[in-house]
Amino acid sequence: MSSIIYPIFILFVSYYAFKRRSLTKSGAIAAFFVGTGIAIGFGYKGLIVLGVFFVSSSMFSKYKGKTKQSMAEKTQKGSTRDALQVMANGGFAAIASIVYYFTKDSIWITVFSILLAAANSDTWASEIGSLSKKNPIFVRTWKPTETGTSGAISVLGTWAALAGAFVIALTAIVLFPIHLGGFVSIILFGFLGNVIDTILGAFVQVEYKCPVCGKIFETKWKCHESLVKIKGFALFNNDMVNVLSGLLAALLYFIFFQ
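Residues numbered from 1 in each chain as written. Predicted model: local features only at pLDDT ≥ 70, side-chain atom pairs only at ≥ 80, totals over all residues. Heavy atoms only, no water.

## Describing the sheet that holds strand β1 (residues 137-138)
Two orientations exist for strands paired in a sheet by backbone hydrogen bonds: parallel and antiparallel.
Alright, step 1. With antiparallel pairing, the three strands of this open sheet are ordered in space as β2-β1-β3. Two strands close off the open sheet at either side, each with one partner strand: β2 (143-144) and β3 (152-153). (Pairing = 2+ DSSP bridges. Helix = DSSP H or I, 4+ residues; strand = E, 2+ residues; numbered from the N terminus.)

Right, dumping it as structure tokens:
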């Protein structure tokens with residue numbers, strides 16, 4: 001594909017995703033820049049990996065949407081991704097792609113893949129795990145909690161997280177010259193990103209409670225009256241936790257294998 005065609009193709013896909021309500025307007029703009037950044041370094045191969053993440057995560061986000069209503073209520077975000085969500089999941093992958101363009105160091109192929117594997121692992125864990133018939137376990141107390149709670153795990157969600165990382169690793173090894181060790185690293189560190197996300201969600205991610213109805217939210221918005229912070233730090237919202245989980249997983253890989 002000609003380098004001139006890439007921006008046109010990415011613009012079309014971003015607009016199509018916006019019309020399909022997979023992205024908000026700001027999300028579509030962010031997706032254009034993320035896609036362009038990835039195309040600079042990895043061309044169509046990088047866009048395919050990104051596409052596997054975006055299509056699969058969007059599909060699972062919309063699947064049984066009514067069942068997941070409590071999750072959407074808690075985060076005040078549905079299956080339509082905004083700019084912050086797009087950047088949280090793909091921003092550093094785009095940066096890794098640009099770094100690869102200048103360095104041509106193959107480690108950045110694996111770093112890029114780990115970042116998207118972590119995002120995919122976390123998304124699959126959240127979207128599929130929320131369909132578990134059993135309540136998840138909150139890792140801070142190891143007691144059952146309600147579905148959609150950040151920092152909670154379930155058997156179904158754990159298997160979904162592994163599957164999400166595996167799918168990105170499989171796509172990457174088909175497209176890029178990645179050896180078996182790199183393939184395993186993408187799965188393990190991608191899944192590690194989900195583990196980090198869970199730990200951060202349990203201990204530092206912010207939560208607010210409405211003093212009137214008792215509902216718990218992850219964003220400070222107007223319910224019946226001003227919400228009261230009951231856990232975590234205001235800076236560590238869901239998007240920040242997503243950024244840090246993928247970044248820390250990729251950084252750990254880079255430290256151990258560079």
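Once the structure has been displayed, the description carries forward.
## Notes on the layout of surface pockets
Alright, step 1. Its boundaries defined by the atoms lining it, the second largest pocket holds a volume of some 620 Å³.
Alright, step 2. If you trace the second largest pocket, you find 29 residues lining it, with Val-13, Leu-50, Gly-51, Phe-54 and Val-55 closest to the centre.
Alright, step 3. For the lining of the second largest pocket, the element with the highest residue contribution is helix α2 (residues 25-62), accounting for 14 residues.
Alright, step 4. Here the lining of the second largest pocket is built from residues that sort into 18 nonpolar, eight polar and three charged. (1 Å grid on protein atoms, 1.4 Å probe; cavity = no way out; pocket = protein on both sides within 12 Å on 5 of 7 lines; lining within 4 Å. Points joined across faces, edges and corners; volume = space filled by probe spheres on them. Nonpolar A, V, L, I, M, F, W, Y, C, P; charged D, E, K, R; others polar.)

## Focus on the sheet that holds strand β6 (residues 228-231)
Alright, step 1. Ordered in space as β5-β4-β6, the three strands form an open sheet in which the pairing is antiparallel. The strands lining the two open edges of the sheet, one partner per strand, are β5 (216-217) and β6.
Alright, step 2. The pairing of strand β4 (residues 207-209) with β6 spans three bridges and is classified as antiparallel. Across the sheet, Lys-209 pairs through a bridge with Val-228, a residue of β6.

## Structural notes on the packing of aromatic side chains
Alright, step 1. As enumerated under the stated definition, the model contains 14 aromatic pairs in all.
Alright, step 2. Consider the rings of Phe-233 and Phe-236, whose centres lie 6.2 Å apart with planes at 65°: the pair is edge-to-face.
Alright, step 3. On the basis of relative accessible area, Phe-233 is assigned to the partly exposed category, the value being 49%.
Alright, step 4. Taken together, the ring pairs in this structure connect Phe-42, Tyr-100, Phe-112 and Phe-176 into an aromatic cluster. (Phe/Tyr/Trp six-rings, centres within 6.5 Å; stacked < 30°, edge-to-face > 60°. Buried < 20%, exposed > 50% of the residue type's maximum accessible area, 1.4 Å probe, protein only.)

## Details of the packing of helix α6 (residues 155-175) against helix α7 (residues 180-203)
For any two helices packed against each other, one specifies the crossing angle of their axes together with the interaxial distance.
Alright, step 1. Packing of α6 against α7 brings their axes to within 8 Å, and their N-to-C directions diverge by 145°. Here α6 runs over α7; the crossing is right-handed. Each of Thr-158, Ala-161, Leu-162, Ala-165, Phe-166, Ala-169, Leu-170, Ala-172 and Ile-173 in α6 lies in contact with α7, whose residues at this interface are Phe-183, Ile-186, Ile-187, Gly-190, Phe-191 and Asn-194.
Alright, step 2. Its residues assigned to classes, the contact of α6 with α7 comprises 12 nonpolar, three polar and no charged. (Axes fitted to C-alpha atoms, helices over the stretch in contact; angles between N-to-C directions. Left-handed = near helix turned anticlockwise from the far one by under 90°. Contact = heavy atoms within 4.5 Å.)

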